[in-house]
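Given next are the chains, with one letter for each unit.
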Amino acid sequence: MFRSAQHDKARSIEPPRVINIEDLRRAAKRRLPRVVFDYIDGGAEDERTLRANCHAFEEVTFRPRCAVATPACDLRVSVLGRSLSMPLILAPVGSSRLMYPRGEEAAAGAAGAAGITYALSTLSGCRLEDVAAASKGPLWYQLYLVGGRDCALSVIERAKAAGFSALIVTIDTPVAGMRERDLRNGVKELLSDNFGSKLPFVSQLLIKPSWLARFLADGGLMKFQNVVIPGKGPMLYADVTAALEDSAVTWDDLRWIQRAWGGPIVIKGIHTGDDARRAVDVGAKALVVSNHGGRQLDSVAPTLRILPEVVASVGDRIEVLLDGGIRRGSDIVKALCLGARAVMVGRAYAYGLGAAGGAGVARAIEILRSDLVRTLKLLGCASIAELDRSYVDTPADWPGK
Ligand SMILES: Cc1cc2nc3c(=O)[nH]c(=O)nc-3n(C[C@H](O)[C@H](O)[C@H](O)COP(=O)(O)O)c2cc1C
């Protein structure tokens, strides 16, 4: 019985049912309650930036070199001195444990098995030590200052001891973005103690019994195990929004964080060349051109479009990464052609996690890897290291033309 359930699960994410990331998205939609699926899928306000992130990849076109033999394509890249099997990193995705039992451990395990880095969100349900034990690959810890500096200091020490190799500090979250789908789905009410206000929203959970059974078996609504408030214990789910507002990170904090951590810092949430230069000035070793996947300030420019401005402003003084809107390996290639060293993906793997746990994350990574190889061969390019602007055309109205 168990074997057949496993078999069904595996089949549900294999070809011909799942060929691309959009198929994984649909599979996640089928398995998850609306409130959880929309938490992954949605963005801020009118979701303009969310759509624009994806659309920007459509606007860039390839200039292949045909009749070129590329027998084996080399996908390897080095990020912060660690060699990755491909230029892909799993971005921090908060509350992954709502998507699948022990979600962060499952995702980290899949990343490690694929030879790529996993970045663990501060807002995670699994203890960072357990996540480290679940992965044999490089790990980064994403820091929010929720809970204050003492709380941050203790998690920094824990992350060091557990072997996390870099701290990734997200700077575009001085307040949570206005995610309207979450409001409509009753996130606030579902988190409240008032049974009466929860009631109208509970049916969306009940109609997904297999998700619900696993969620309850995993302990139900998680606490944030890596935000341990002195004297109080792990932070409660309902306290996150207020805690984020109290903990906006500034450039001064970054200097303090740098001293406390002592290792490499990655700054995530760079939207302009000016902020990219500030990241260099505070001594960060890498930055992520990111708008949080369109979940924070709506109407900011898509990340791919501002990547050339950022690259031009910092040169090779810092490693430049990008995230936002990547759903295909060809999107990764376009970002690399425009100057990114590697990319991060959030939703692409979160859909896999929601669809089938660690196996779904592994499937997402495999889809992107085989896309990458095929795209390089079709471009007539033997390795990631050789990609540059000569392989793409950008629209005439993009900055830097
Ligand atoms: C469900 C979800 C939760 C996220 N949680 C966090 C988080 O806790 N910390 C963070 O820095 N970014 C978070 N992000 C943003 C991602 O790290 C990343 O910037 C974004 O997903 C990239 O866009 P993409 O989803 O189009 O790949 C989250 C994204 C999603 C989809």
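This section reports on the structure supplied with the text. What you see as residue numbers is a count from 1 along each chain, following the sequence as written. It should be noted that, the model being predicted, local features are given only for residues of pLDDT at least 70 and side-chain atom pairs only at 80 or more, the latter also being counted only at that level, while totals for whole chains, interfaces and linings use all residues. With hydrogens and water set aside, each side-chain value is computed from the structure's full complement of heavy atoms.

To sort residues, take the accessible area from a 1.4 Å probe on protein chains only and compare it with the maximum for the residue type: under 20% means buried, over 50% means exposed, and anything in between is partly exposed. The helix and strand labels rest on DSSP assignments: H or I over at least four residues marks a helix, E over at least two residues marks a strand, and numbering proceeds from the N terminus. For strand S10 (residues 265-270), the buried fraction is high: six of the six residues fall into the buried class. A pair of strands is treated as paired once DSSP finds two or more bridges between them. Alignment of strand S7 (residues 166-170) against S10, held across four bridges, turns out to be parallel. Bridge pairing links valine 169 to isoleucine 267 in S10. What joins S10 to strand S11 (residues 286-289) is helix H15 (residues 273-281), and the crossover it makes is right-handed. Here is how to tell: hold the view so the strands point away, follow the path from the first strand over the helix to the second, and if it runs clockwise the crossover is right-handed.

This brings us to the environment of aspartate 38. Within the element layout of this structure, aspartate 38 appears in helix H3 (residues 34-41). A relative accessible area of 11% places aspartate 38 in the buried class. Residue contacts are counted whenever heavy atoms from the two residues lie within 4.5 Å of one another. Not counting residues within four places of it along the chain, the set of residues in contact with aspartate 38 comprises Arg181, Asp182 and Asn185.

The next thing to look at is the site of the ligand. We call a residue near a molecule or strand as soon as one heavy atom of that residue lies within 4 Å of the molecule or strand. The immediate surroundings of the ligand are formed by 22 residues, with Pro92, Ser121, Thr170, Asp323 and Gly325 found nearest. The contact in question runs from an oxygen atom of the ligand to an N or O atom on the side chain of arginine 327, over 3.0 Å. Gly falls in the polar group here, along with every residue not listed as nonpolar (Ala, Val, Leu, Ile, Met, Phe, Trp, Tyr, Cys, Pro) or charged (Asp, Glu, Lys, Arg). Looking at the shell around the ligand, its residues break down into seven nonpolar, ten polar and five charged. Two N or O atoms form a polar contact when they lie within 3.5 Å of each other; inside protein one atom must be a possible hydrogen donor and the other a possible acceptor, and for residues adjacent in sequence the pair counts only when both atoms belong to side chains.

The next point concerns the layout of surface pockets. The rule is simple: put a 1 Å grid over the protein atoms alone, call a set of points where a 1.4 Å probe fits but cannot get out a cavity, call an open set with protein on both sides within 12 Å along at least five of seven lines a pocket, and count a residue as lining if it has an atom within 4 Å of a point. Grid points are joined across faces, edges and corners, and a volume is the space filled by probe spheres set on the points. Looking at the second largest pocket, its volume works out to about 340 Å³. Taken together, 15 residues line the second largest pocket, and the ones lying closest to its centre are Val320, Leu336, Gly339, Ala340 and Arg341. Residue composition of the lining of the second largest pocket, by class: nine nonpolar, two polar and four charged.

What follows covers the sheet that holds S11. With parallel pairing, the eight strands of this closed barrel are ordered in space as S4-S5-S6-S7-S10-S11-S12-S13. Between one strand axis and the next, the sheet turns through 25 degrees on average, direction left out of account. With three bridges joining them, strand S4 (residues 88-90) and strand S13 (residues 342-345) adopt parallel strand pairing. Note on S13: the bridge partner recorded for leucine 90 is valine 345. Strand contacts of helix H6 (residues 103-114): S4, strand S5 (117-120) and strand S6 (139-143), with the helix running at about 160 degrees to S5, the strand carrying the most contacts. Inter-axis angles, ranging from 0 to 180 degrees, are taken between N-to-C directions of lines fitted to C-alpha atoms, where helices are fitted over the stretch in contact.

Quick look at the packing of aromatic side chains now. Stacked, edge-to-face and tilted are the three classes for Phe, Tyr and Trp ring pairs, Trp counted by its six-membered ring, which pair at centre distances within 6.5 Å; planes under 30 degrees apart are stacked, over 60 edge-to-face, the rest tilted. Counted under the stated rule, the structure contains four aromatic pairs. Measuring from centroid to centroid gives 4.6 Å for tryptophan 211 and phenylalanine 215, while their planes differ by 15 degrees, and the two rings are stacked. Of this pair, tryptophan 211 and phenylalanine 215 both sit in helix H12 (residues 209-217), four residues apart, which is roughly one turn of that helix. Residue tryptophan 211 shares its accessibility class with phenylalanine 215, and that shared class is buried. With a centroid separation of 5.0 Å and 35 degrees between ring planes, the pair formed by phenylalanine 224 and tyrosine 237 is classed as tilted.

By the alternation rule, side chains of S13 split into Ala342 and Met344 and Val343 and Val345, which are all buried. Bridge analysis of strand S12 (residues 319-323) against S13 gives three bridges, and the strand direction is parallel. For aspartate 323, the partnering residue across the bridge sits in S13 and is methionine 344. In this view, the connection linking S12 to its parallel neighbour S13 by way of helix H17 (residues 329-337) has right-handed handedness.

Proline 16 follows proline 15 through a cis peptide bond whose omega is 5 degrees. In this fold, proline 16 is placed in the loop between helix H1 (2-12) and helix H2 (21-31). Positive phi, close to 55 degrees, is recorded for serine 95, a residue that is not glycine. Tracing the backbone shows serine 95 in the loop between S4 and helix H5 (96-99). Here histidine 292, not a glycine, exhibits a phi torsion of approximately 65 degrees, which is positive. Within the fold, histidine 292 resides in the loop between S11 and helix H16 (303-314).

For the rest of this paragraph, the subject is the environment of tyrosine 118. Examined against the element boundaries, tyrosine 118 turns out to sit in strand S5. On the basis of relative accessible area, tyrosine 118 is assigned to the buried category, the value being 0%. Taking C-alpha positions, tyrosine 118 is 7.6 Å from glycine 137, a pair spaced 19 residues apart along the chain. Residue contacts for tyrosine 118: discarding those within four places in its chain leaves Leu90, Glu104, Ala107, Ala108, Ala111, Val131, Pro138, Leu139, Trp140 and Tyr349.

What follows covers the nonpolar core. One broad trend across soluble globular proteins is that nonpolar side chains are buried collectively. To define a nonpolar core, start from buried Ala, Val, Leu, Ile, Met, Phe, Trp, Tyr and Cys residues and group those joined through side-chain atoms within 4.5 Å. Counting residues in hydrophobic clusters, the biggest one holds 121 residues, and the most contacted among them are Tyr118, Leu304, Leu322 and Leu387. The dominant element in this core, judged by the number of residues it contributes, is helix H18 (residues 347-379), at 15 residues. With near-sequence residues (within four places) excluded, leucine 387 lies in contact with Val333, Leu336, Cys337, Leu376, Leu379 and Cys381. Formed by 15 residues, the second largest nonpolar core is a distinct cluster that contains Ile89, Ala119, Val266 and Ala286.

Our next topic: the packing of H17 against H18. Their axes nearest at 7 Å, the elements H17 and H18 cross at an angle of 60 degrees. Here H17 lies oblique to H18, going by the angle between them. As for how H17 packs across H18, the hand of that crossing is right-handed. Every residue of H18 that contacts H17 at Gly329, Ser330, Ile332 and Val333 is listed here: Leu368, Asp371, Leu372, Thr375 and Leu379. Class assignment for the residues of the contact of H17 with H18 results in five nonpolar, three polar and one charged. Note that the term roughly parallel is reserved for angles under 35 degrees, roughly antiparallel for angles over 145, roughly perpendicular for angles of 65 to 115, and oblique for everything else. Take the far helix as the reference: if the near one is turned anticlockwise from it by less than a right angle, the crossing is left-handed, and if turned clockwise, right-handed.

Glancing now at the side chain of threonine 122. Summarising the element assignment, threonine 122 is placed in the loop between S5 and helix H7 (128-134). Contact partners of threonine 122, with chain neighbours within four places excluded, come to Tyr141, Gln142, Leu143, Tyr144, Val146, Asn226 and Val227.

Shape descriptors only; they carry no functional weight alone.
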